[in-house]
Amino acid sequence: MIVIGIESSCDETSVAILKNGKITANLISSQDFHKKFGGVVPELSSRAHLQIVNPLVKEALLKSSISLNDVELITATAGPGLIGALLVGLTYAKGLSYSLNKPFIGVNHIEGHIFSGFLMEEKPVFPFIALVVSGGHTLLLLVKSFTEIVKLGSTVDDAAGEAFDKVSKMLGLGYPGGPKIQAAAIKGDQNKINFPIAQLKDPYNFSFSGIKTSVLRYVQSLNGNMNEQIINDIAASFQFAVVQALIRKLEKAIQNFNIKSISVVGGVAANRLLRESAGELGNKHDVKLIIPAFEYCGDNAAMIAFRGESLYAAGIRDTLESKPFPGLSENHFSDGL
Ligand code: KG4
Ligand code: ZN
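Residues numbered from 1 in each chain as written. Chains lettered and ligands numbered in written order. Predicted model: local features only at pLDDT ≥ 70, side-chain atom pairs only at ≥ 80, totals over all residues. Heavy atoms only, no water.

Looking now at the overall build of the protein chain. On a plain count of helices and strands, the protein chain comes out with nine helices and 11 strands. Against the 2.2 N^0.38 benchmark of 20 Å for 337 residues, the protein chain shows a C-alpha radius of gyration of 20 Å, consistent with a compact globule. Out of the 337 residues in the protein chain, the part that is buried amounts to 54%. Pairs at least 24 apart in sequence give 72% of the contacts found in the protein chain among residues at least 6 apart. Only carbon and sulfur atoms are counted for the fraction: they give 52% of the accessible area of the protein chain, which is about 14600 Å². For the protein chain, the distance from the average site of its 31 positive side-chain charges to the average site of its 31 negative ones is 2 Å. (Helix = DSSP H or I, 4+ residues; strand = E, 2+ residues; numbered from the N terminus. Rg over C-alpha atoms; globule rule 2.2 N^0.38 Å. Buried < 20%, exposed > 50% of the residue type's maximum accessible area, 1.4 Å probe, protein only. Contact = heavy atoms within 4.5 Å. Areas by Shrake-Rupley, 256 points an atom, 1.4 Å probe, with all protein chains shown as cover. Lys, Arg positive; Asp, Glu negative; His and termini not counted. Charge placed at Lys NZ, Arg CZ, Asp CG, Glu CD.)

If you want it as structure tokens, here you go:
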């Protein structure tokens, strides 16, 4: 089966082709111009998606040596995300579906991330624990099948990626914060400052606003006496605290469920310390860690195509009337056990 995936939920336009289970193109165009605003400007994002989506589709077809008529399933991110941005990819995909008379599936972006480990050579085995760490979400899940996802916990305030972005701004390192903090942290001492890791009653929930506030207090206490070494130390100590918080909850889930694989996915899964720490955790408990390659961690259409195909294979059908959704769609999610 030949599937096209289109992703336009935030500041990346991406088009992918999935041909008989193999990704033959995964083109990602990042809207770097948002940097100067310190965050994503929704209207500018929509306009940029509109300009690039068609050329990217043409390039992806060319790269995969196929024509539009060969495409058998059209998938696009339906939400959550910026509504104007979502509408661009979604409407484009529906237009393709209508004109080619081929089925269309709207995909939940978070579900795209959850199953992104399946794009790797070694795939997760059901049931598995997924830790989703992105700019907008932090979720711990028990994934029983392609259509049964049990929510164990989530952040009660900021998402992990959001905390990286906010702290990066505080330190004057710029946007997006994750890669900037990681680069500064390499030159810093992670044991220099002891930023607090939230202890929550619920075993699987997360909180990152405390760490963020204590970084702010620390920066304020320096009264402007910042230098590169202090910034690097703060970055390293902050990164260490966030990764510890994530790993602790992941370990609890590994101990409490009979699973053989764990998968860490989403933009923050590109973080080297998190990748190493999750790998060590997997070895300690003898569970396999499936972590996507870098190009499948951040927003990409390969994961959307894969997720769309898995839904289609499970007998799920969509219509051209389906609407974009800005929040988390709960279709395949259930709370607790
Ligand atoms: O999944 P994603 O690309 O977009 C959303 O769906 O939100 O995640 C973006 C988030 C941003 O907050 C970014 O700062 C973070 O992922 N990120 C990282 C790293 N690379 C990207 N966080 C920590 N370390 C990284 N290397
Ligand atoms: Zn994402």
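Turning next to helix H5 (residues 177-186). Taken together, the buried positions of H5 are occupied by Gly 177, Ile 181, Gln 182, Ala 184 and Ala 185. Around the axis of H5, the buried residues are gathered within 165° of arc, so they sit on the same side. Among the exposed residues of H5, those oriented more than 90 degrees off its buried face are Pro 179 and Ile 186. For H5, the elements touching its buried residues are helix H4 (160-170), helix H7 (228-256) and helix H8 (272-285). (Arc of directions from axis to C-beta.)

Domain assignment breaks the protein chain into domain 1 (2-114 + 296-335) and domain 2 (122-291). If you average the C-alpha positions of domain 1 and of domain 2, the two centres end up 26 Å apart. Counting residues at the interface gives 22 residues for domain 1 and 22 residues for domain 2. For the pair domain 1 and domain 2, the summed buried area comes to about 1800 Å², and 67% of that belongs to carbon and sulfur atoms. On the domain 1 side of the contact with domain 2, His 113, Ile 114 and Cys 297 bury the most area, a combined 30% of that side's loss. Counting every contact that joins domain 1 to domain 2 gives zero salt bridges. At the boundary of domain 1 with domain 2, the tally comes to four residue pairs in polar contact (both at pLDDT 80 or more). (Domains from an automatic or database assignment. Buried area = accessible area lost by both parts, 1.4 Å probe. Salt bridge = Lys/Arg side-chain N within 4 Å of Asp/Glu carboxyl O. Polar contact = N/O pair within 3.5 Å; in protein donor to acceptor, adjacent residues only side chain to side chain.)

The sheet built from five strands is open, its strands ordered S3-S2-S1-S4-S5 with mixed pairing. Every other strand in the sheet has two partners, leaving strand S3 (22-30) and strand S5 (104-108) as the edge strands with one partner each. In this sheet, adjacent strand axes meet at a mean angle of 20° when their direction is disregarded. Judged from the five bridges that link them, strand S4 (residues 73-79) and S5 form a sheet pairing that is parallel. Among the inter-strand pairings, Ile 74 is bridged to a residue of S5, identified as Phe 104. Sheet strands in contact with helix H1 (residues 42-63) are strand S1 (2-7), strand S2 (12-19) and S3, and its direction is about 25° off that of S2. Where helix H9 (residues 302-313) meets the sheet, its contacts fall on S1, S2, S3, S4 and S5, and the angle it forms with S4 comes to roughly 110°. (Pairing = 2+ DSSP bridges. Axes fitted to C-alpha atoms, helices over the stretch in contact; angles between N-to-C directions.)

In this section: the packing of aromatic side chains. In this structure the tally under the stated criterion is 13 aromatic pairs. With centroids separated by 5.2 Å and ring planes inclined at 75°, the aromatic side chains of Phe 164 and Phe 238 adopt a geometry described as edge-to-face. Here Phe 164 is found in helix H4, whereas its partner Phe 238 is found in helix H7, with 74 residues between them in sequence. Phe 238 carries the same exposure label as Phe 164, and that label is buried. Counting every residue linked through ring pairs, the aromatic cluster contains Phe 115, Phe 118, Phe 126, Phe 128, Phe 146 and Phe 306. Between the NZ or CZ atom of Arg 275 and the centre of the ring of Phe 294, over which it lies, the distance is 4.5 Å. (Phe/Tyr/Trp six-rings, centres within 6.5 Å; stacked < 30°, edge-to-face > 60°. Lys NZ or Arg CZ within 6 Å of the ring centre and 35° of its normal.)

We now examine the environment of Gln 220. Mapped onto the secondary structure, Gln 220 falls in helix H6 (residues 209-221). Using a relative accessible area of 48% as the deciding quantity, one classes Gln 220 as partly exposed.

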